[in-house]
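So you can see what is in the structure, the chains are spelled out below.
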Amino acid sequence: MKDLLSRLGIEDVNAGAWIGTEALPPAGDDRVVSTNPATNDPIASVAIADADQLDRVIDAAQDAFLEWRRLPAPKRGEVVRRMGNALRDHKEDLGRLVTLEVGKILSEGLGEVQESIDMADLAVGMSRQLYGLTMHSERAQHRMYEQWHPLGAIGVITAFNFPNAVWAWNAMVALACGDTVLWKPSIKAPLTAIATHRILSRVAEDAGFPHLLTLVIGQDAVVGEGMIRDPRLPLISATGSVRMGRYVGQVVAARLGRCLLELGGNNAIIVDRTADLDLAIRGIAFGAVGTAGQRCTTTRRLIVHEDIADEVIGRLVAAYEKLPIGDPMLPTTLVGPLIDPGAVAQYRAALDTIREQGGEILTGGEVLDRPGNFVRPTIVAARHDMPICHEETFAPILYVMRYRDLAEAIEWQNDVPQGLSSAIFTDSFRSAERFLSHEGSDCGIANVNIGTSGAEIGGAFGGEKDTGGGREAGSDAWKSYMRRQTCTLNWGTDLPLAQGVKFDI
Ligand code: UN1
């Protein structure tokens, strides 16, 4: 572990405020300790940033923006390309650090860094495709078009569960768009942020733009609050709980800033009578158990046709009982720990509530008697009207409910406050199309014969309702990071007014 940390420049005590490669001296004695969730042993600590440091960091990000936006977009893309290569060079180490710090299994830790590399590649292409539309003017010898300009320094607030990739969704695109990026990572995953920030800030420095990336690690009430209130950050992109997003959205709206919110999910898989159960079982297991149930896209509800419910449940329970739980660094492990003892307490509390509300635990339902935050993935025989099925518990708990007809299944799938991801397993063309129609899933993501998690970056990622409405990563998500300008040019010798208005002087 020591070797890994020293290769990534992580020290026993690390700075919590960074302007490019420059670490600001500690503001005081307050430290946050990053711990390994598989043991609860400390890894290293970070001197947390205060409001004055945040102020300096935002100033630096804004000054850097004024320079960076002058570079043509494809040349900015070239810097992003080099960042992608730097991530490739450090993929193994960064992936291991993700696993060490947040406990996801190593193939997911590596996959997360791959997701960031993919984002860099995508953003390089985008840097040549930041296109606007042209419109036909109603006036002779006039031309109308829209163009997109860089927006400013962007504030990116990320959660512990994707401590690298979700930042990259935002940062790689924002950089290509001509913005600079201030990152506030979760204080549960500060080391991944520091290591990533330092690697990519070296690239930025070599390219002659040393302050493209800035980083603050601190308390929500201080640096989070400071960021969302600061008009120097025209866009705040925040990932986390619905409660957090509702607050951030309101504060940023009050200053008429822009928000991009990626909040909770309560994702369901529907399995209809025609489904290929071999596919379905694997899709459900990865969706519900992957990342120990700590993805926003985790499958939390299984809505299964009553005719096949016994078989599906039987096969799932058998699969769950064989799941290798343990050290996430081992290649054979499929279930790592929850992030911290607080998450274990929430898992326990959810189990109590499930029992009170009449749910029956079919497998799992226990905390492992060993160091670290290990819990057994759990399947619950549930009913749609149990209130807990409408909440997001960030743990591997799957609620199974039996339906009679597809209309009922889709109604249940949609009848929760969140609207992130959804899926159906079916071999029926009619069921698939109905699920994808305007009367089908109301989520931002809707899949057929694929689980709810593990989206590729080429599409726009995000969800409706309480999930916050934001879209990140691919497609035209870049538009959130730029400002649109509509331009009308008159190349004639007359000055006609639109809508036929006359104003002759
Ligand atoms: C998250 O949990 O915040 O689709 C993001 C997925 C991943 C991203 C999850 N690509 O599961």
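Fair warning: this is a prediction, and the values are worked out from it, not measured in the lab.

A. Spatial organisation of the packing of helix H4 (residues 91-102) against helix H7 (residues 190-206). The geometry of H4 relative to H7 is characterised by a closest axis approach of 9 Å and an angle of 160° between their N-to-C directions. Between H4 and H7, the interaxial angle falls into the category roughly antiparallel. The handedness of the crossing between H4 and H7 is left-handed. For the pair H4 and H7, the contacting residues are Leu94, Leu97, Val98 and Glu101 in the first and Pro190, Leu191, Thr192, Ala195, Thr196 and Ile199 in the second. Of the residues that constitute the contact of H4 with H7, the class distribution is 7 nonpolar, 2 polar and 1 charged.

B. Region of interest: the nonpolar core. Grouped together as the largest cluster of nonpolar side chains are 72 residues, with contacts concentrated most on Met83, Trp167, Met172, Leu200 and Leu212. Leave out the neighbours within four places in its chain, and methionine 83 touches Met172, Leu175, Leu200, Val203, Ala204, Leu212 and Leu213. Counting 62 residues, the second largest nonpolar core, distinct from the first, contains Leu277, Ile303, Leu398 and Tyr403.

C. A look at the site of the ligand. For the ligand, the full set of nearby residues is Glu115, Asn161, Phe162, Trp169, Glu262, Arg295, Cys296, Thr297, Ser453, Gly454, Ala455 and Phe461. Measuring from an oxygen atom of the ligand, one finds a backbone N or O atom of cysteine 296 at 2.8 Å. Here the ligand loses 99% of its free accessible area of 320 Å² to cover by the protein chains. Class assignment of the residues belonging to the shell around the ligand gives a composition of 5 nonpolar, 4 polar and 3 charged. Formed jointly, the shell around the ligand draws a minimum of three residues from each of two domains, domain 1 (2-263 + 468-485) and domain 2 (267-448).

D. Structural context of the sheet that holds strand S1 (residues 13-14). In spatial order, the strands read S1-S5-S4; together these 3 strands make up an open sheet with mixed pairing. Looking at which strands have only one partner, the edges of the open sheet turn out to be S1 and strand S4 (31-36). As judged from the 6 bridges shared by S4 and strand S5 (residues 41-47), these two strands associate in the antiparallel manner. The residue bridging asparagine 36 from the neighbouring strand is aspartate 41, located in S5. Seen against the sheet, H4 touches S4 and S5 and runs at an angle of roughly 100° to S4. Relative to the sheet, H7 contacts S1, S4 and S5, its axis offset from that of S5 by approximately 60°.

E. Seen up close, the pattern of salt bridges. Scanning all chains against the criterion turns up 28 salt bridges. Among the salt bridges present, the one from aspartate 121 reaches arginine 88, with a minimum N-O distance of 2.8 Å. With aspartate 121 in helix H5 (residues 106-126) and arginine 88 in helix H3 (residues 73-89), the pair connects residues that are 33 residues apart, well separated along the chain. Among the residues examined, aspartate 121 registers a relative accessible area of 37% and is labelled partly exposed. Take arginine 88: its relative accessible area is 38%, and that puts it in the partly exposed class. As a salt-bridge pair, glutamate 464 and arginine 471 come within 2.5 Å of each other at their nearest N and O atoms. Connected via shared salt-bridge partners are Asp55, Asp59, Asp230 and Arg232.

F. Examining the domain arrangement of the chain more closely. Domain annotation for the chain reports domain 1 (2-263 + 468-485) and domain 2 (267-448). Domain 1 and domain 2 are separated by 31 Å when their C-alpha centres are compared. Contacts between the two partners involve 21 residues from domain 1, matched on the other side by 23 residues from domain 2. Of the roughly 1800 Å² buried at the junction of domain 1 and domain 2 (both faces included), carbon and sulfur atoms supply 61%. The three residues of domain 1 that bury the most area against domain 2 are Ala38, Ile105 and Glu108, which together make up 25% of that side's buried surface. The partner of aspartate 340 in a salt bridge is lysine 188, and the shortest N-O contact between them spans 3.4 Å. Inspection of the domain 1/domain 2 interface yields 7 residue pairs in polar contact (both at pLDDT 80 or more). Taken together, the elements giving at least two residues each to the side of domain 1 that touches domain 2 come down to H4 and H5. Ranked by residues supplied to the side of domain 1 that touches domain 2, first place goes to H4 with 5 residues.

Analysis parameters
Residues numbered from 1 in each chain as written. Predicted model: local features only at pLDDT ≥ 70, side-chain atom pairs only at ≥ 80, totals over all residues. Heavy atoms only, no water. Axes fitted to C-alpha atoms, helices over the stretch in contact; angles between N-to-C directions. Helix = DSSP H or I, 4+ residues; strand = E, 2+ residues; numbered from the N terminus. Parallel < 35°, antiparallel > 145°, perpendicular 65-115°, else oblique. Left-handed = near helix turned anticlockwise from the far one by under 90°. Contact = heavy atoms within 4.5 Å. Nonpolar A, V, L, I, M, F, W, Y, C, P; charged D, E, K, R; others polar. Core = buried A, V, L, I, M, F, W, Y, C linked by side-chain atoms within 4.5 Å. Buried < 20%, exposed > 50% of the residue type's maximum accessible area, 1.4 Å probe, protein only. Near = heavy atom within 4 Å. Polar contact = N/O pair within 3.5 Å; in protein donor to acceptor, adjacent residues only side chain to side chain. Areas by Shrake-Rupley, 256 points an atom, 1.4 Å probe, with all protein chains shown as cover. Domains from an automatic or database assignment. Pairing = 2+ DSSP bridges. Salt bridge = Lys/Arg side-chain N within 4 Å of Asp/Glu carboxyl O. Buried area = accessible area lost by both parts, 1.4 Å probe.

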